[in-house]
Amino acid sequence: MLSRVLAALAIVSSALEAESKADPSVLAPRPVAIVAISPGAARPATTSKFDIVGDNLAGGTRVEFEEKDIHAVVSSSSWTHLGGTIKVDRTARPGPRYFRVIGPRGASNLLLYRVTRWAVASEVDGGGDPAKATVVSIPTLISGHLTADLTGREAYGEEADFYRFHAAAGQRIEFNVLGARDWLRSDLSLTLMYPDGRQITSEEGVFCWDAYLAHTFDREGDYLAAVSITRATGSVYSEYDTAYYELAIGNAPLIWNVFPAGTQAGRDASLELRADFLPPHPVTELHSRGLAGAITSTEPGLYRLNLHAAPDSSLGLHAISFDDNSGILAPVPIVVGELPERVEREPNDTRAQAEHLPWPVTVNGRIDRKDDADWFAVEVKEGQDLVFFIEAETLGGSRLDSTLSLADSNGRLLQFADDNAEVGDASRPRGLHDAAMLYRFRAAGTYYVKVASLYRDFGPDQIYRLTIRPPKPDFAISLGTDHAQISKGETADLEISVTRTDGFECDLEISASGLPPGVSAEPLTIESGSANGKLHIRAASDAQVGLGPIEIIGTARIHGAEISHSAVPPGNPRMSAGPGFVDYHPAHALLSVNDPVQFALEPLAKTLYLVRGGTADMGVRIHRREGFDAPLQVSAENLPAGVDIVESEIVDEGKQARLRFRAAESAKPVRLSNLVVAAQGRSKGQQYSESAPPIALQID
């Protein structure tokens, strides 16, 4: 691990002859960001240490979980690390938990933590040597990290993390790398090996960037699992970063998909559930109003689930899950709709074989054979408007990238659609690759719609729901962040995005509810045809410093009726198609009101290059609020061993710091992305401290 050595050198600036007048946007509060937590899991009834990695964490006082069965106590903080202990209640059930850091600079983004009943372990740094592999039992949930080799030289990074485990002859074991599914920025590969280094099999990505293998071992013995970086990863503060991950070794339930992927409220449905490693007598878990289900028959990997949806069932997406000790099981979503439902009837591979559909309707289908395409026919009247939309990526368990084609009775193509987020149900998320279209039929008659795979993929996971109905103009609004910041006496902009569906073209009025005293929002109208806007928020100079939830509401008139929807805060930034992902969004966005920032630091380079035995200079611009002329002490955080600041000076009338760094001959070649320059100063009896955005340091 990179050592966190804090090298500080006091620099007292001379009295400024002229006050610096910085751009107010430069002096806006820098966001608090968290990148990873290590270790990333714990068992019920345990207390364990944690280290959170991020940016602008100094003074962080709380780690707050969205759930009430897990608690954290902070014991230390720096600009890039926050440490303490996490206590998990005895009654906590395995599964994901969501948390953020809160401190004097506001609230951070959310990250994921896991509760598991499996053994937990952390990698033992073996320097990329298979002979020093971390020995683990089965099942185990392991927390690890790798430093990217960004220069092509192994000395700059670990080649792989190795884990040694024992397998019996004929034993089938799952290996699950959790990166994207842990809300992390890691792109990692997984390789199974014999102890002598011979490769058995490998995988790069099954769930977005996350590698997954299920392997049956042919003979008893010790084996190695190697986790390596697929490519350099991004971070919140530079182009490169350390790759954090969890590796689950053991047989955890995995639900691939369910078909049909939904049912109508008030109807019973028999569903085919494809899953691996379910317990011998799985008990279905449904936590939605009006839903009940039970497994009635099983065969390896294929289950029959009888689902009952009461007439008063909640409409929309619901989750099917099972009891799971690992804490990594992701429920598979199903849809409860209000329209009649049916399952496609084969053969329907050509227009001549098209299945005639009464509408409105939702038909469940699957592109399960090579060159498969599903054709449907509808009867329409002159001037009829209809929407056709696919739900596939939205369903989680489907890997179909769909297309829709609309043809007349002579086979002439009228419209083709690939991706379209502007048609469908605004009340639930729309997959980015789900095809949709809205069409006005000029003449009465029979028309044909074809569902196909864009990439001609086929199989049991190419599942879709095709809905055909008249348009229902509607909208959804979303936020660019779930943790906004504002300083007293200043303004801030909150990014608002609008998804307009089924031809909704009206103006949209945006308002804010729950603003703290002294904070107001200017009226915002997002005009017809526009997909975004900025809500201007202002805090009075006497507004109270603090943090609290706010609600952003969009209101419009649709067909004479006033409709309002609350904005949805963002969820997992690594969310992707396919099973394994939990679609989680916080209930509220948070707004923090802060004291004004008195100064800000801006590095004049993104990377500091050092040669062992040599020196390099770096400039840092100092933006000062008018009237703030306090002398500053400058320091650097995360300098590796053998690197120091040897000279420094304040220039340009106190508006810039110039630092000289030196790398000893003994310093190791490295590239890291979290070098932080910080400064502190005292004015009018109050201490102020700020950090610059992290930059990269490369030592050759």
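Here the structure is a predicted model, which means the values were calculated and not measured.

Q: Tell me what's going on with the overall build of the chain, and back it up with residues and numbers.
A: Regarding its fold elements, the chain presents zero helices and 57 strands. Relative to the 2.2 N^0.38 estimate, which gives 27 Å for 700 residues, the radius of gyration of the chain is 28 Å and therefore close to what a compact globule would have. Looking at the chain as a whole, 54% of its 700 residues are labelled buried. The contacts in the chain between residues at least 6 apart in sequence include a share of 70% that link residues at least 24 apart. When the accessible surface of the chain is totalled, it reaches about 29900 Å², and 48% of it is carbon and sulfur.

Q: Account for the sheet that holds strand 31 (residues 361–366), with residues named and values stated.
A: Sheet strands pair via backbone hydrogen bonds, and the direction of the pair is either parallel or antiparallel. An order of 29-31-38-33-36 is seen for the five strands of this open sheet, with the pairing classed as mixed. Across the chains shown, the open sheet's two edge strands, defined by having one partner strand only, are strand 29 (341–343) and strand 36 (436–440). On average, adjacent strands in this sheet sit at an angle of 15° to one another, irrespective of strand direction. Bridge analysis of strand 33 (residues 385–391) against strand 36 gives five bridges, and the strand direction is antiparallel. Note on strand 36: the bridge partner recorded for Leu386 is Tyr439.

Q: Summarise the packing of aromatic side chains; cite the residues concerned and give the values.
A: According to the stated counting rule, one finds 19 aromatic pairs in the structure shown. Ring centres of Tyr98 and Trp183 lie 5.4 Å apart, and the angle between their planes is 50°; on these two criteria the pair is classed as tilted. On the criterion of sequence distance, the pair formed by Tyr98 in strand 8 (residues 95–103) and Trp183 in the loop between strand 15 (172–178) and strand 16 (188–193) is long-range, its members being 85 residues apart. The burial state of Tyr98 is the same as that of Trp183; both residues are buried. Ring geometry for Phe165 and Tyr223: centres 6.1 Å apart, planes at 25°, overall stacked. Taken together, the positions of Phe165 in strand 14 (residues 161–167) and Tyr223 in strand 19 (residues 221–229) put the pair 58 residues apart, joining distant regions of the chain. Site record: aromatic cluster; members linked through ring pairs are Phe165, Phe175, Tyr194, Phe217 and Tyr223. Here the guanidinium or amino end of Arg198 rests over the ring plane of Tyr194, the centre of that ring lying 4.4 Å away.

Q: Run through empty space enclosed by the protein, naming residues and quoting values.
A: Applying the stated criterion across every chain yields a total of seven cavities of 30 Å³ or more. Taken as a whole, the largest cavity holds about 100 Å³ of empty space. Lining of the largest cavity is provided by 13 residues; of these, Ile37, Gly40, Asp182, Leu184 and Glu246 occupy positions nearest its centre. Of all elements in the fold, only strand 2 (33–38), strand 10 (111–115), strand 13 (140–147) and strand 20 (242–249) reach the threshold of two or more residues within the lining of the largest cavity.

Q: I'd like to hear about the sheet that holds strand 39 (residues 474–479), residue by residue, with values.
A: Taken together, the four strands give an open sheet; going across it, the order is 39-41-45-43, and neighbouring strands pair in antiparallel fashion. Each edge of the open sheet is held by one strand with a lone partner, namely strand 39 and strand 43 (519–521). With direction set aside, neighbouring strand axes in the sheet form an average angle of 30°. Here strand 43 runs beside strand 45 (residues 532–539); their pairing, made up of three bridges, is antiparallel. In the strand pairing of strand 45, Ala521 is matched with Ile537.

Q: Any chance you could break down the environment of Leu601 for me, citing the residues and the numbers?
A: Within the secondary structure layout, Leu601 lies in strand 49 (residues 599–603). For the pair Leu601 and Glu64, spaced 537 residues apart in sequence, the C-alpha to C-alpha distance is 29 Å. When residues no more than four places from it in sequence are discounted, the contact partners of Leu601 are Val620, Arg621, Ile622, Val677, Ala678, Ala679, Glu690, Ser691, Ala692 and Pro693.

Q: Give me the lowdown on the side chain of Arg465, citing residues and values where you can.
A: Here Arg465 is to be found in strand 38 (residues 463–469). Among the polar contacts made by the side chain of Arg465, one reaches the side chain of Glu341 at a distance of 2.8 Å. Among the polar contacts made by the side chain of Arg465, one reaches the side chain of Asn364 at a distance of 3.3 Å. Here Arg465 is in contact with Ala261, Gly262, Thr263, Val335, Glu341, Thr362, Val363, Asn364, Phe389, Ile390, Glu391 and Leu395, once residues within four sequence places are set aside.

Definitions and limits used
Residues numbered from 1 in each chain as written. Predicted model: local features only at pLDDT ≥ 70, side-chain atom pairs only at ≥ 80, totals over all residues. Heavy atoms only, no water. Helix = DSSP H or I, 4+ residues; strand = E, 2+ residues; numbered from the N terminus. Rg over C-alpha atoms; globule rule 2.2 N^0.38 Å. Buried < 20%, exposed > 50% of the residue type's maximum accessible area, 1.4 Å probe, protein only. Contact = heavy atoms within 4.5 Å. Areas by Shrake-Rupley, 256 points an atom, 1.4 Å probe, with all protein chains shown as cover. Pairing = 2+ DSSP bridges. Axes fitted to C-alpha atoms, helices over the stretch in contact; angles between N-to-C directions. Phe/Tyr/Trp six-rings, centres within 6.5 Å; stacked < 30°, edge-to-face > 60°. Lys NZ or Arg CZ within 6 Å of the ring centre and 35° of its normal. 1 Å grid on protein atoms, 1.4 Å probe; cavity = no way out; pocket = protein on both sides within 12 Å on 5 of 7 lines; lining within 4 Å. Points joined across faces, edges and corners; volume = space filled by probe spheres on them. Polar contact = N/O pair within 3.5 Å; in protein donor to acceptor, adjacent residues only side chain to side chain.

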